[in-house]
Each structure stands twice: as structure tokens, then as C-alpha cells.
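Below, each chain spelled out in residue letters.
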Amino acid sequence: MRTKIIAGNWKMNLTLTESTKLIHQLNFSSDNENIRVLVIPPFTNLEAIKRLLKNKNSKIEVAAQNLHHSVSGAYTGEISARMLKDIGVDTAIVGHSERRTLFAENDETISLKASSALSQNLEIIYCFGESLIQRKRGIHFEIIARQLDDLIHKFETQYWRYGKIILAYEPVWAIGTGQTASKEQAQEMHQFIRHLIGKEIGEDLATKTPILYGGSVKPENATELFQQPDVDGGLIGGASLNADSFNLIIQSIAENC
Ligand code: PEP
């Protein structure tokens, strides 16, 4: 059985005081080894939230929202994979659509970041997704295949084999818009991605790799999305900032395991 994952991307939200309050309100105590829950705070809160979760004996993990592809150097305002590892962070998002659209990251930069993270032994949540125009033009499968191209063809299979790659399909038109992909649209794309991985790098790795859905997941639509055979959980933005909604989403994945 594939690991099921719920990851809450807080983006540039929540002060340390607000984050601390939220962490105290989250309920996740499942003994099921197949379920993981992560919170993804801003850089300034990472270490404190990690320590708080450890002190609470919580099974919730922390991840970073971004990283720079260099190990160190004159990159004012940036954080490297090595720095994240050093404070005990083992997972990072790479390629979020807001990084692509607001910070001009392209497939090349994202590929460099993924490579740097993996080579520093970080696990990555690799985000990708088509725009509304691309979907309307019917080229969404082609776009997704292109966004996954480097990861599938240029990265060492060992990263897939060691379970260091989590995929997150996030149609850009569904992020923060309240417009979710239907369960059929999500399943169709996730099945396409799994088939692509199977064809290009091996059925065993395709079967094992978690593929998350992201884009306006809420308690109201979480269950039907997580019931899809190829949807292994969610990357949650807005709904992860509220304890009630995030707890319900965590509950939905637990019920579908
Ligand atoms: C995200 O930022 O990855 C995301 C899916 O946001 P939201 O859930 O708010 O659409």
C-alpha cells in the first residue's frame, strides 16, 4: 500500500505565535505507518515548529516551502538544502506554481533545485500543473509530461527507488481559487502520471510513488478526492491555516486508508 500524505502549505502566513497556536490545535495521532502529515511553515518558523512538535511527541513532520539550488554563496535572501538539513528539515517543496508565476522559476531552475535537494538527501514534494488556458486548449497532458521530463529522464532512478520523490499535481486554475478539479479530472491526471512513470522508469516505482492533489482542497471535497485510486493525499493551502478544516482533511485521509 502506498503512503498517504497530507501536507499543509502555510505560504507567507502565520507568525510564530499564530503557528504555535495552530500546532496545539491539530489532532494527528494515528498509529497507521502509512499516513504522514506535514506542515510547511515559512522559513522563520521552521526550527521552532520542529522543536515544538518534537516536545509534543507529535508525529506531524515539517517541510520547507522552497530552497536555492546552490549549496552556499552570494545569494542574498536565499536558503540552501544544506541549511535545511542542518536544522533537521528533511523535506522541501520544489516548483510550486506561485514560485513559477510570481518568482519566474522555470522548469530549468526547478530542476536545479530538485537536483540540489535530492543530492543533499532531502525528500522533495515536486509540484507541477497546467494553467486554465492550457487545459482549455486540451494540451494539459502534454504540459504535465513536459514538466516531469527532467525528473523522469535526467534524475537518477535511485531517488525514486529510495522514496525521495513525492509528486504534487496542482492545476494552476485550482490553486487558491476555490475551484477544485473534479474527482474525475484528478483521477484522470493522476492515472496518466502513474502510467508515464511506469512506462519510463518502471512499474514498481510507479506503484510506490505518492501523487498528491493540490488546489482548493477543503473538508467538503477531500473525501471524494482521496477515494480516487491514484490520489494519495493532498497538498493543502488555505484550508491548512485553520485547525478545524485541516483536522477534518487529516481525518478524511485516515478514513480512506
Ligand atoms: C497550494 O498552495 O499548494 C494550494 C493547493 O493552495 P489552496 O489549497 O489554497 O488552493
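The preceding data block contains the structure.
Here goes a summary of the coordinates provided.

Rules behind the numbers
- Residues numbered from 1 in each chain as written.
- Predicted model: local features only at pLDDT ≥ 70, side-chain atom pairs only at ≥ 80, totals over all residues.
- Heavy atoms only, no water.
- Helix = DSSP H or I, 4+ residues; strand = E, 2+ residues; numbered from the N terminus.
- Core = buried A, V, L, I, M, F, W, Y, C linked by side-chain atoms within 4.5 Å.
- Buried < 20%, exposed > 50% of the residue type's maximum accessible area, 1.4 Å probe, protein only.
- Pairing = 2+ DSSP bridges.
- Right-handed = clockwise from strand over helix to strand, strands pointing away.
- Near = heavy atom within 4 Å.
- Polar contact = N/O pair within 3.5 Å; in protein donor to acceptor, adjacent residues only side chain to side chain.
- Areas by Shrake-Rupley, 256 points an atom, 1.4 Å probe, with all protein chains shown as cover.
- Nonpolar A, V, L, I, M, F, W, Y, C, P; charged D, E, K, R; others polar.

Another point: the environment of Gly176. As for its placement among the helices and strands, Gly176 is situated in the loop between β6 (165-169) and α10 (183-201). Placed 163 residues apart in sequence, Gly176 and Asn13 show a C-alpha to C-alpha distance of 14 Å.

What follows deals with the nonpolar core. By size, the foremost hydrophobic cluster in this structure holds 66 residues, and its most contacted members are Val39, Tyr126, Leu148, Leu167 and Ile193. In terms of residue count, the dominant contributor to this core is α10 (six residues). Counting 12 residues, the second largest nonpolar core, distinct from the first, contains Ile40, Ile93, Ile125 and Ile166.

On to the pairing of strand β2 (residues 35-40). By the criterion of burial, β2 is predominantly enclosed, with six of the six residues buried. Going residue by residue along β2, you find Ile35, Val37 and Val39 tucked away on one face and Arg36, Leu38 and Ile40 tucked away on the opposite face as well. Judged from the six bridges that link them, strand β1 (residues 4-9) and β2 form a sheet pairing that is parallel. Counted as the bridge partner of Ile5 is Arg36 from β2. The β-α-β motif built from β1, the intervening helix α1 (residues 16-25) and the parallel element β2 has right-handed crossover chirality. Note that β2 and strand β3 (residues 61-62) share two bridges and pair parallel. For Val39, the partnering residue across the bridge sits in β3 and is Val62.

Bringing the site of the ligand into the picture now. In the vicinity of the ligand lie 14 residues, with Lys11, Glu170, Gly176, Ser216 and Gly237 positioned nearest. Between Glu170 and the ligand, the recorded distance is 2.6 Å, taken from a side-chain N or O atom to an oxygen atom. Gly237 has a polar backbone atom sitting 2.8 Å from an oxygen atom of the ligand. Here the ligand has 290 Å² of accessible area as a free molecule, and 95% of this is covered by the chains. Residues of the shell around the ligand, tallied by class, amount to four nonpolar, eight polar and two charged.

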